[in-house]
Amino acid sequence: MKDISYYSKQLDISLTGEQLSQFNKYMDMVIEKNKVMNLTAITEPEEFNLKHFADSLSVVSAVEAALPICSEPVSMIDVGTGAGFPSVPLKIAFPGIRLTLLDSLNKRIGFLNEVISELGLKDTVAIHSRAEDGARRPELRDAFDFAVSRAVAGLNILTEYCLPYVKPGGLFIAYKSGDISEELAGSKNAIKQLGGSLEDKVNFRLADSDIERSFVLIRKTGNTPKKYPRKPGTAKKDPL
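What counts as what
Residues numbered from 1 in each chain as written. Predicted model: local features only at pLDDT ≥ 70, side-chain atom pairs only at ≥ 80, totals over all residues. Heavy atoms only, no water. Helix = DSSP H or I, 4+ residues; strand = E, 2+ residues; numbered from the N terminus. Contact = heavy atoms within 4.5 Å. Areas by Shrake-Rupley, 256 points an atom, 1.4 Å probe, with all protein chains shown as cover. Lys, Arg positive; Asp, Glu negative; His and termini not counted. Charge placed at Lys NZ, Arg CZ, Asp CG, Glu CD. Pairing = 2+ DSSP bridges. Axes fitted to C-alpha atoms, helices over the stretch in contact; angles between N-to-C directions. Core = buried A, V, L, I, M, F, W, Y, C linked by side-chain atoms within 4.5 Å. Buried < 20%, exposed > 50% of the residue type's maximum accessible area, 1.4 Å probe, protein only. Expected span 1.5 Å × (residues − 1). Arc of directions from axis to C-beta. Salt bridge = Lys/Arg side-chain N within 4 Å of Asp/Glu carboxyl O.

Overview of the overall build of the chain
- Scanning the chain from terminus to terminus reveals 12 helices and 7 strands.
- Across its three principal axes, the chain shows a C-alpha extent of roughly 45 × 35 × 35 Å.
- In the chain, of all internal contacts separated by at least 6 residues, the share reaching a separation of at least 24 is 69%.
- By element, 47% of the accessible surface of the chain is carried by carbon and sulfur atoms, the whole surface being about 10,700 Å².
- Between the centroid of the 31 positive side chains of the chain and the centroid of its 31 negative side chains there is a distance of 7 Å.

In structure tokens, the structure reads:
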């Protein structure tokens, strides 16, 4: 079976025995909790390792601007984290990350707190909040070197949710699937209004598969106007 050990080598990421154990325990926890709570449609271990673990970690192999995640302590927020992807795999692989997990469903936050405890993840906190509300908390706004999100939403919507959390000069990385050219073109105005600049789009293919992914990199070049993000639900109903 191609497991996290195999995929980490493909991505040139070195993992200790303890880290490999953390990955396996995390997968077991997600699959077990999934029996009573909807966390993922992917429960077969080899597919899980590819589509959750390898996918999450690929950013540090595919995106040069993400290399600080590997080499120095950075702060990161994962907005709409769900079961903890992509940031918990990144935290396991690179323990120096100071991680905040944000999700609107309290049951998922409860599960993530179990994960934090069971895996012994330091400098990691899970917060129950909608993205729009969390970004108005002074301790979270303009606070992070990186925001990441693998949530399913249009890029213009995700940018309104995520960019307010990023420090000026920091980076929002959106994990996307397939061809996003049209979505990207339709998001340029939103990115500019929110104080960002499109830095790059990186296409890649998951190891030993035909699954295509994209990373969209949005640099925080100025302050996000105070009126953003708008009230909960507004970004979806009336996208920028």
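Brief notes about the sheet that holds strand S6 (residues 196-205)
- An order of S3-S2-S1-S4-S5-S7-S6 is seen for the 7 strands of this open sheet, with the pairing classed as mixed. Edge positions in the sheet fall to strand S3 (124-128) and S6, since each of these pairs with one other strand and no more. Pairs of neighbouring strands in the sheet enclose a mean axial angle of 20 degrees, with direction left out of account.
- Bridge analysis of S6 against strand S7 (residues 212-220) gives 9 bridges, and the strand direction is antiparallel. Considered in S7, the bridge of Val-202 is made with Phe-215.

So, the nonpolar core
- Membership of the largest hydrophobic core comes to 55 residues, with the highest contact counts inside it found for Tyr-26, Val-59, Ile-69, Leu-90, Ile-173 and Phe-215.
- Top contributing element to this core by residue count: helix H7 (residues 106-119), with 6 residues.
- Apart from residues no more than four positions distant in its own chain, Val-59 is found in contact with Ala-66, Leu-90, Ile-173, Tyr-175 and Phe-215.
- In this structure, Ile-127, Ala-131, Leu-155 and Ala-174 belong to the second largest nonpolar core, which totals 30 residues.

So, helix H9 (residues 155-162)
- For H9, the buried fraction is high: 8 of the 8 residues fall into the buried class.
- Listed as buried for H9 are Leu-155, Asn-156, Ile-157, Leu-158, Thr-159, Glu-160, Tyr-161 and Cys-162.

A word on H7
- Between its terminal C-alpha atoms H7 stretches 20 Å, which fits the 20 Å expected from 14 residues at 1.5 Å a residue.
- When H7 is considered as a whole, its buried residues turn out to be Ile-109, Phe-111, Leu-112, Val-115, Ile-116 and Leu-119. Taken around the axis of H7, the buried residues stretch over an arc of 160 degrees, which confines them to a single face. Away from its buried face by more than 90 degrees, H7 exposes Lys-107 and Ser-117.

Considerations on the environment of Ile-211
- Structurally, Ile-211 can be placed in the loop between S6 and S7.
- For Ile-211, a relative accessible area of 18% gives the class buried.
- The sequence separation of Ile-211 and Pro-229 amounts to 18 residues, and the corresponding C-alpha distance is 32 Å.
- Leaving out residues up to four positions away in the same chain, Ile-211 has contacts with Leu-50, Lys-51, Phe-204, Arg-205 and Leu-206.

With respect to the environment of Lys-33
- Topologically, Lys-33 is positioned in helix H2 (residues 17-33).
- If we skip the residues at most four places from it in the chain, Lys-33 touches Leu-39, Phe-111 and Glu-114.

Things to note about the pairing of S7
- Burial of S7 is extensive: 7 of the 9 residues sit out of reach of the surface.
- Bridging between strand S5 (residues 166-177) and S7 involves 7 bridges; their strand directions are antiparallel. Residue pairing for S7: Leu-171 is matched across the bridge by Arg-219.
- The antiparallel pairing of S6 with S7 creates a hairpin that spans 6 residues between the two strands, and Asp-208 there sits at a positive phi of about 55 degrees.

Points about the pattern of salt bridges
- Inspection of the entire model under this criterion finds 16 salt bridges.
- Between Lys-2 and Asp-208 there is a salt bridge; the shortest N-O distance is 3.4 Å. On the criterion of sequence distance, the pair formed by Lys-2 in the segment before helix H1 (4-10) and Asp-208 in the loop between S6 and S7 is long-range, its members being 206 residues apart.
- Under the relative-accessibility criterion, Lys-2 is labelled partly exposed at 30%.
- For Asp-208, a relative accessible area of 47% translates into the label partly exposed.
- When the shortest N-O distance is used, the salt bridge between Arg-230 and Asp-238 registers 3.6 Å.
- What emerges from the salt-bridge pattern is a single network uniting Asp-55, Arg-150 and Arg-213.

Read these as geometric descriptors, not functional statements.
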